[in-house]
Amino acid sequence: MPPPIEKYSRIISRGLRNTFRPRWTTIHFLTYATLRQLDFSVFRPGYEFVSSFKYDWIRYHRVAIKSAARANEYPALLLAGVAWQEVGGGHAAEDWAAFAIRSADAYRPSVLDTAFPILAKDPKDTSFGPIQMQLDVAAETKSLDFSQLHLVDKILLMKLLERDEANIVLAAKHLRYLIDYDDLQTTPPKLSDESIAIAATRYNRGIEPNLDEIKRGISYGEGIIKRKEKILKALL
C-alpha cells in the first residue's frame, strides 16, 4: 500500500481534472512543482501526481490515440507510450517564452546564451503541445518548411500543436516516419517491444544519432515497456 501522501497525490490530481477534458493547468504545474520536492526513491508524491494525470489524459484520448495508430499501422502502445512520456510536467508558457527569447537573437545579450545554452537554440527547435513536438518536425510532418513560414503561420502551427487531437495526429504521423527511418517493421501493424522502445527513443532524440547510439541510450523507450500494462489499461 502506498504511503498516505502518495495516495493523496493521486486524489489531488484527479480532483484538479476538468470535468470533461484533462488539462495541465497552472494549478497542476504549481502543485507538481511543490510535490516533486518531496520525491525520494520510495516516497514519490510528485511522481504519483503527474502519473495520475498522464493516465487520465491517455484514457480520455484513447479513441483518438488508437485511431491515429491504426491509420499509421502500428500498435497504439507506441503512440500512447510517447504520450505518457511527454504529457504533463512542464507549462505551455515555458514553450512560448523559449520561442520568443530564441527568436529575439539580435536583441538577446550574449551573456544569456553563455549562462543558459538552451536559449541559444534555434526557434525551430522549440517544442509545443501535450505530446511535445519540435516546430520544424511538425512543419515537415505537414509538408511545410518552417524557415519559410511567416510569423503568423508559425504561431498558427504552435496553436495547432496545443490542440490535443491535432497534436495526436501529428505525433502519430511522425512516429510512422521514424519506424520507416530505422526500418523497424516487417509485418504492419505489428511492432515488437524492442522496436517500440527504439521508435519512441528516436522520437525523443531525433534522427541525428545513429541506430547504435539510440540503442545505447534507450531508457526513454524502455520506460514505456516498463509501464506497458498500465498504458494498455488506459487504452481500454
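An account of the accompanying structure is given in this report. (Residues numbered from 1 in each chain as written. Predicted model: local features only at pLDDT ≥ 70, side-chain atom pairs only at ≥ 80, totals over all residues. Heavy atoms only, no water.)

Turning next to the overall build of the chain. For the chain, the helix and strand inventory stands at 14 helices and two strands. Taking all 236 residues of the chain together, 44% fall into the buried category. Looking at the chain alone, contacts between residues at least 24 apart form 66% of all its contacts between residues at least 6 apart. On the chain, roughly 12,800 Å² of surface is accessible, and the fraction owed to carbon and sulfur atoms is 56%. (Helix = DSSP H or I, 4+ residues; strand = E, 2+ residues; numbered from the N terminus. Buried < 20%, exposed > 50% of the residue type's maximum accessible area, 1.4 Å probe, protein only. Contact = heavy atoms within 4.5 Å. Areas by Shrake-Rupley, 256 points an atom, 1.4 Å probe, with all protein chains shown as cover.)

By size, the foremost hydrophobic cluster in this structure holds 59 residues, and its most contacted members are Leu 78, Leu 79 and Ile 131. Not counting chain neighbours up to four residues away, the residues in contact with Leu 78 comprise Leu 175, Ile 179, Leu 191, Ile 196, Ala 199 and Ala 200. (Core = buried A, V, L, I, M, F, W, Y, C linked by side-chain atoms within 4.5 Å.)

Counted by the stated rule, this structure contains five aromatic pairs. For the pair Trp 24 and Tyr 32, a centre-to-centre distance of 5.9 Å together with 70° between the ring planes defines the contact as edge-to-face. One aromatic cluster in this structure is built from Trp 24, Tyr 32, Phe 49 and Phe 53. Of note, Arg 44 hangs over the ring of Tyr 47, and the distance from its end group to the ring centre comes to 4.2 Å. Stacked on the ring of Phe 146, the Lys or Arg Lys 154 has its end atom at 4.8 Å from the ring centre. (Phe/Tyr/Trp six-rings, centres within 6.5 Å; stacked < 30°, edge-to-face > 60°. Lys NZ or Arg CZ within 6 Å of the ring centre and 35° of its normal.)

As a further point, take unusual backbone geometry. Going from Pro 188 to Pro 189, the amide bond is cis rather than trans, its omega being 5°. Even without being a glycine, Glu 73 presents a positive backbone phi close to 60°. Topologically, Glu 73 is positioned in the loop between helix 4 (62-71) and helix 5 (76-86). Of note in the backbone geometry, Asp 183 takes a positive phi value of approximately 50° without being a glycine. Among the structural elements, Asp 183 can be located in the loop between helix 10 (164-181) and helix 11 (193-205).

What follows concerns the packing of helix 5 against helix 13 (residues 219-226). Their axes nearest at 9 Å, the elements helix 5 and helix 13 cross at an angle of 110°. When the interaxial angle is binned, helix 5 and helix 13 end up roughly perpendicular. Crossing hand, helix 5 versus helix 13: right-handed. Across from Leu 77, Gly 81, Val 82, Gln 85 and Glu 86 in helix 5, the residues of helix 13 making contact are Tyr 220, Gly 223 and Ile 224. Considered class by class, the residues forming the contact of helix 5 with helix 13 number four nonpolar, three polar and one charged. (Axes fitted to C-alpha atoms, helices over the stretch in contact; angles between N-to-C directions. Parallel < 35°, antiparallel > 145°, perpendicular 65-115°, else oblique. Left-handed = near helix turned anticlockwise from the far one by under 90°. Nonpolar A, V, L, I, M, F, W, Y, C, P; charged D, E, K, R; others polar.)

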